[in-house]
Structure formats: C-alpha cells, structure tokens
Amino acid sequence: MISLKVTNSHCPGCSLLCGVQMIEREGLLDVEFMKDCDINSGKLCRFGIELARYYGELQTSALAGGREVSYEEAVTLAAKALSSSRGAGVALCTGDATTEELYALSLFADAAGLATTLGLGHHMHAVGLEAFHKTVTHPDVLDHAQMIVLVDIDPAYQYPLLARRLMLVREQGTTIVSIGPEKEHLSFYTDARYPCHPSRTVDALRAFVEHAMPHALYVVPCGMYGDAALTAQVNNICAATSSRALFVTDFANVRGGLALGMESLSHGIDGLVASIEAGDVTSLVLVESPLFSSYLDDARFWAACETLDALVVLQSHRCEAYPPNAIVLPLPPFYQRKGTLRNVCNRRLVLSGEAEGAVAVLRDLGAAMGHGLSPFDAVAKEARSLCDAWYETVATFTPVELPPQAGVEGPCHRYVPNPYLVRGMPNPRSKRVGLDLYAVAKGKERYVIREDVAEDVVFAYEKDPRYTLPLQPYE
Ligand code: SF4
C-alpha cells in the first residue's frame, strides 16, 4: 500500500501566504498547487515551488553549548538560564508562527517578564498601530484601485505573486506608478517610474502626491529593514487624500502578531542589538527568527547574542551554526502545525496540520519555570477573539511628524529582501550598505553589479550558480 498524506497549507515565504498543498508520499515531500485558493489561484513563485527543499532542512535535535542534548535537558537548561538572567529580556518572533503560537509566546513573555517584539517597533513608533488595521481584505482590492503607487518596493523580487496581480490589474486599466530606486525591470507592469536615491524617497513621494489622484492605493514595504520615514509619509498621504495603504511585510503572520499587540518596542532589530550591546537586554527568546545567520548585519547580531546570559532559540529550519551559548529547541515544520494565520490583507487562514509547534514547547518551558499555559484549544479561542476584534477595526491614518529618512548619502548598494534572503537561503539577492562598506561590497566577486538604476544607486545581486536570471515574477 502506498502511504500518502495531503495537507492543505499556506506558503510561509512572505505575508501573502499563498495556498499550497504539501504531499507526503513514501517518506518524500512534494508541493501541489492549490487551484481553489483565491489568494493565488494555484500559482506559486519559485520559493513556493521549492518549499519541499525549505522544509527538508529541518532542525530536528535540541542543542546546548553546541552539542546535541535531549529535549528535556534543553528545556531545563533554557528555563534555568532565563530564570537566572540579571537584566531585561525580550521575546522576538519576526512572524513565521501561527497566531496561536504567537499568543502563547506573548503569554509566556508576560509570565517570564519579557518584552515582546516582531522587529517592527520603528514603524509602530512612527505611526501607531491604528494605521495597520484593516485597509484591505483581499488582493482583489488592487483590481478596484484607479491608481496604485509602489513606494520603494520591487514586487518581482520581494512578493512575486503581488507582481502577477499588478500585471493583471494594469491590463484592466489601473494606472501603476513606482517611486524608488528601481527603474528598468518594473517597466512591464508600471506606467511611470520615478527613480530616486534611497535617501530622497520621502521627498520624491511628497513631490509626486501634488499631482496624484485621491483615493489611490499605496503599496509600501514595512519589514524589519523598511524605512519608518516612508511608512510615516504614506500614513500622512492617506490621511490627507483619503487613500489606502497596503503595508507589506516579509514574514508570514506579522498581522497575527500585530493583532495580538505583540510589538512593544519603539525600535527595530538594530535598536534591539544596541540594547544587548549596552547590557540593557540580557536574555533573548527567538522564535523562528534565526537572525544570526540571515540578518543584514548578521555578524553584529551574532556577536551581540554571544554576550547574552540566556539565548533560547525555537527553530524549525536548520541553521548552519548557532552562537555557542544558544539553547536550541526544535519545532516541527510550518506545514505540520495546526492553527490560524492572518495574511497581509488581514484574511484569516487555517493551517491544517496536527502539531501544536511552539505552543507545546512554550508550555514545557513555562512549566519548568513555574508557570502554566492552557491547553491548545483554550489558547486558540482567546487568540481568535483578540484577532477578530482587530479584524473588525478599520485603519485610521492620523498625521504624524516624519522621522528622519534612514537612507545613506552618496553611492549605495540596495538591499532587497526576498523570501530566500530573509531565511538565509541562496538565491539572487542584494544588499544596501553605507559608504564605509561600499568599496568592499563592490569589489566582492559574488556580486553581479548593475549600475545606473537611479542616480548613485547600484543593484548588486548575489550570484547563485543555479540561477542566471532574476527571480521570476511567478510560475
Ligand atoms: S509570493 Fe511566493 S513566497 Fe510569497 S507566499 Fe506566495 S509562493 Fe510563498
């Protein structure tokens, strides 16, 4: 008899959360297109098609001090390290977790006296949470916008299924413009492009809005590398012109985390690293956030982690290496978990796996520290009611003061996160660096440099022997 198991799932590659079926057949994993999912109608970008490879590199064992230990021993060591840490602590999940896991993390953090963050504190601090409430419910909203303004975003590299949708709506008559450092390859789904240096995007946007239609839809990246000044500027434009914003994030379930009020810091990852370096934060719980191998300044993140009293890592995808003080607790792959998700349009989606994932691990860890966690169904019910209240609230754009724009002056490389890059996987990718690193980056053999994208900007895609073309918009 052939063993065959089909799991209805969603790709965790980005916050679009395209529908996909994972097929387990005779011990092998494969991907099947979910044609009846109206987010993506069965289409997947290359990352979605390669999900089996992503899920094939699993963290299966618990680690402590660089050696394999039993799960129970790792839980005991992690609880001891967290309990005896001298200073403040932070629990960070960048978003690749179910809403139930995120809620369990926030309950655990409350009980353990840790702050929680999604790595987006700089955006929240700039505009407040209200701007992130429901503005759209489905990618179809793109179909009904008269004008779509892409702000500092490269959909084909970052959110390929969004690029596909843009191509379709443009054929139906929607005007699409792009403001940002990219120019040439956006031409096949934009009507006008205003290339500009990253340090001048806010000014370019301000100048553009003088002539823009009211009731436009602004699409702006709002990830951990996103510029809070742009988020604030788009917020202000929406307040002044009755327009809407689609704040696009890089990880799967950021909306779930926002709905649960998990962003409690006023700064992003760089600010968190600075707090660790200053000794203000001495313990860190990382859930599906292996930034010491995937963050832009990963060497700095790693070095900061090494100074922590407690570094507890809950992780499903295997990292090449962990800091020596990391206590690693394995998680099942995303598709095997049960629970719910919210995508970039705030839609509630269901994962039909069977594993509790981080909920179970956090229950064990909490028990070892003397505090309990309710059974999964009770956690799920509370999480759902919090998310439903969030979903029913419509976004409010209140004018705010603009923070300084983060872009570096002079020549720079552009850093364009995509599903591979934020997970530390090989693929065409690029980096944005300041003048101090520019000469070094430019000279590196692994970069394919494309000049003249906008004045003073260089796109530098990292070479991968398997791919000679840029990431395709969709397949
Ligand atoms: S666009 Fe690609 S990475 Fe994003 S959810 Fe869809 S298949 Fe996954």
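Calculation rules
Residues numbered from 1 in each chain as written. Predicted model: local features only at pLDDT ≥ 70, side-chain atom pairs only at ≥ 80, totals over all residues. Heavy atoms only, no water. Phe/Tyr/Trp six-rings, centres within 6.5 Å; stacked < 30°, edge-to-face > 60°. Buried < 20%, exposed > 50% of the residue type's maximum accessible area, 1.4 Å probe, protein only. Lys NZ or Arg CZ within 6 Å of the ring centre and 35° of its normal. pLDDT = per-residue confidence, 0-100. Contact = heavy atoms within 4.5 Å. Pairing = 2+ DSSP bridges. Helix = DSSP H or I, 4+ residues; strand = E, 2+ residues; numbered from the N terminus.

**With respect to the packing of aromatic side chains**
Next up, step 1: Applying the stated criterion to the full structure yields nine aromatic pairs.
Next up, step 2: Considering the side-chain rings of Tyr54 and Tyr55, the 5.6 Å spacing of their centres and the 50° angle between planes classify their relative orientation as tilted.
Next up, step 3: Overall, Tyr55 belongs to the buried group, its relative accessible area being 4%.
Next up, step 4: Put simply, the rings of Phe47, Tyr54, Tyr55 and Tyr335 touch in pairs and so form one group of aromatic residues.
Next up, step 5: Lying across the ring of Phe376, Lys338 places its NZ or CZ 4.7 Å from the centre.
Next up, step 6: Over the face of the ring belonging to Tyr54 we find Arg423, whose NZ or CZ atom lies 6.0 Å from the ring centre.

**Comments concerning the confidence of the model for the protein chain**
Next up, step 1: For the protein chain, per-residue confidence averages 85 on the pLDDT scale, and 84% of positions sit at 70 or higher.
Next up, step 2: In this model residues 444–449 is a low-confidence stretch, pLDDT under 50, and it forms 17 contacts with partners more than four residues away in sequence or in other chains.

**Side note on the pairing of strand E2 (residues 19–25)**
Next up, step 1: Across seven bridges, the pairing between strand E1 (residues 4–10) and E2 is antiparallel. Counterpart to His10 in the pairing with E2 is Gly19.
Next up, step 2: Bridging between E2 and strand E3 (residues 28–33) involves six bridges; their strand directions are antiparallel. Within the sheet, the bridge partner assigned to Val20 lies in E3 and is Phe33.
Next up, step 3: Hairpin geometry of E2 and E3 is characterised by an intervening segment of two residues between the two adjacent antiparallel strands and by a positive phi of about 50° at Glu26.

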